[in-house]
Amino acid sequence: MAASPSHPLPFQSGSKHIVVCGGGVIGACTAYFLSQNQNPPTSVTVVEKSSPACAASGKAGGFLALDWCDGGPMFSLARASFKLHKSLSQKLNGEEVYGYRAVTTLSVPVLSERVASSSASLRGSNLLPDWVDGQTARPPKQIGTTETTAQVHPRLFTQTLLSASEAKVIKGEVETIIVENGHATGVVLKGNKEVIPADAVVLALGPWSNRLSPISELFSVSGLKAHSIVLRPAEPDKITPHALFLSYQPAPGAKMLDPEVYPRPTGEVYICGMSKDAEVPEDPESITGETESIEMLHKIAGTVSSHLKRDTVAEVIAEQACFLPCTDDGLPVIGELPGVKNCYVATGHSCWGILNGPATGASLAELILEGKSTTVDLKPFTPARFVKRRTRLGV
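Residues numbered from 1 in each chain as written. Predicted model: local features only at pLDDT ≥ 70, side-chain atom pairs only at ≥ 80, totals over all residues. Heavy atoms only, no water.

A.B. asks: Describe in detail the packing of helix α3 (residues 75-92) against helix α6 (residues 154-165), supporting the description with residues and values.
C.D. replies: It is at 12 Å that the axes of α3 and α6 come closest, and there the two elements cross at 65 degrees. The chirality of how α3 crosses α6 is left-handed. Each of His 85, Leu 88 and Leu 92 in α3 lies in contact with α6, whose residues at this interface are Phe 157, Thr 160, Leu 161 and Ala 164. (Axes fitted to C-alpha atoms, helices over the stretch in contact; angles between N-to-C directions. Helix = DSSP H or I, 4+ residues; strand = E, 2+ residues; numbered from the N terminus. Left-handed = near helix turned anticlockwise from the far one by under 90°. Contact = heavy atoms within 4.5 Å.)

A.B. asks: Account for unusual backbone geometry, with residues named and values stated.
C.D. replies: Glycine aside, the phi torsion of most residues is negative, and most peptide linkages are trans. Look at Ala 53: it is not a glycine, yet its phi comes out positive at around 60 degrees. Within the secondary structure layout, Ala 53 lies in the loop between β2 (42-48) and α2 (56-59). What makes Ala 53 buried here is its relative accessible area of 5%. Phi angles above zero are rare outside glycine, and Met 274 is one such case at about 55 degrees. (Buried < 20%, exposed > 50% of the residue type's maximum accessible area, 1.4 Å probe, protein only.)

A.B. asks: Can you lay out the sheet that holds strand β18 (residues 333-336) for me, pointing to particular residues and giving the numbers?
C.D. replies: The strand order across the open sheet built from six strands is β8-β2-β1-β12-β19-β18, with neighbouring strands paired in mixed fashion. Strands with a single pairing partner mark the edges of an open sheet, and in this sheet they are β8 (168-171) and β18. The average undirected angle you get between the axes of adjacent strands in this sheet is 20 degrees. Where β18 meets strand β19 (residues 343-347), four bridges bridge the pair, whose relative direction is antiparallel. Each bridged residue has a counterpart across the sheet, and for Glu 336 the counterpart in β19 is Tyr 344. Of the strands in this sheet, β1 (16-21), β2, β12 (200-203), β18 and β19 are in contact with helix α9 (residues 353-370), which crosses β19 at around 170 degrees. (Pairing = 2+ DSSP bridges.)

A.B. asks: Residues and numbers for the environment of Met 74, please.
C.D. replies: Mapped onto the fold, Met 74 is located in the loop between β3 (63-65) and α3. Along the primary structure Met 74 and Phe 381 are separated by 307 residues, whereas in three dimensions their C-alpha atoms are 8.9 Å apart. Not counting residues within four places of it along the chain, the set of residues in contact with Met 74 comprises Cys 69, Leu 331, Pro 332, Trp 352, Asn 356 and Phe 381.

A.B. asks: Pulling in residues and values, what's your account of the pattern of salt bridges?
C.D. replies: Counting across every chain of the model gives twelve salt bridges. Notably, a salt bridge pairs Lys 225 with Glu 290, separated by 3.5 Å at the nearest N-O pair. Of this pair, Lys 225 sits in strand β13 (residues 221-233) while Glu 290 is found in the loop between β16 (269-277) and α8 (291-304), placing the two residues 65 residues apart along the sequence. Lys 225 gets classed as buried once you look at its relative accessible area, which sits at 9%. Two residues, Arg 385 and Asp 329, come together in a salt bridge whose shortest N-O distance is 2.7 Å. Of the two residues, Arg 385 is situated in helix α10 (residues 384-393) and Asp 329 in the loop between β17 (314-327) and β18; the sequence distance between them amounts to 56 residues. For Asp 329, a relative accessible area of 27% translates into the label partly exposed. (Salt bridge = Lys/Arg side-chain N within 4 Å of Asp/Glu carboxyl O.)

And the structure:
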């Protein structure tokens, strides 16, 4: 953070200007819900280092679940956000614009090709759609219905909300937060040192959150590198809206893998898995998948369905990787930073960023503009929890 002389705010009396740092799904949702509030009139500037949805928000699966977080501290956030996804789709024509649709979700244990070749097929279950024609180790189980699970195309969803917010998008990287008398009053960009005044600043930087000292001095955000491939089957009409959560053992005695398969209404099929802890690079555009992980995903895809065999019947659209932002206690961090008024943070959503983006953005907008969130109780996610932890540890 940097102290700075007072900068006159170029706003009409009573109006608010919010700077959102980060153009991923959390930043886009926050910008959107801020823009919906016009009492007082609110304008938003989004500062994005690369391009909107260039990282995990564009390369995620986009799977949504109503009740998979029940019983834990994230249950209210997830339930509220699932419902917001449905209402946003109705308002923004999500089915046509960003691929929102309800899906049936199955848990499907799949044998490797090596094991399957000597095993009898167990396709007796009527739960399996016809396109899932690989041999399974045991019958599948339904773990989500069209009432409780859905999907979006994450890149299109993020871009749609950002566009609907009518926020001004600036390409740049925030170097420091300007703090005057304990209040955030703007940001300074790297390079040209441009100053952007603000009534409030939101830090929605995903796995890059640690780059700013107000966050790194309080808590840590690490990156989990997740790989994915996107295929286009030759006969996309045969691929039904079934999301698959697989259990796959590459060879007898090998570690079980948990890949996921998401057909999309665009005719593409997204397959992800093969995650590992890794150092987050400075440039999100430089992130590439590792050959071994990408090859394993292709092997799994071809094993679960003959429609997903690379080159022979399925075109390869993308082979990629992204970093999921993770916190030490496994919970997202949403709220005002201790000791700095009007500086807010929203990060650490891990694999549930697309699901929980809307409720995070709506709650944060309420907190910023009204002083209290009514969409979700943000107490479990407050950044202040790390102050208490550091005090107990004597840090």
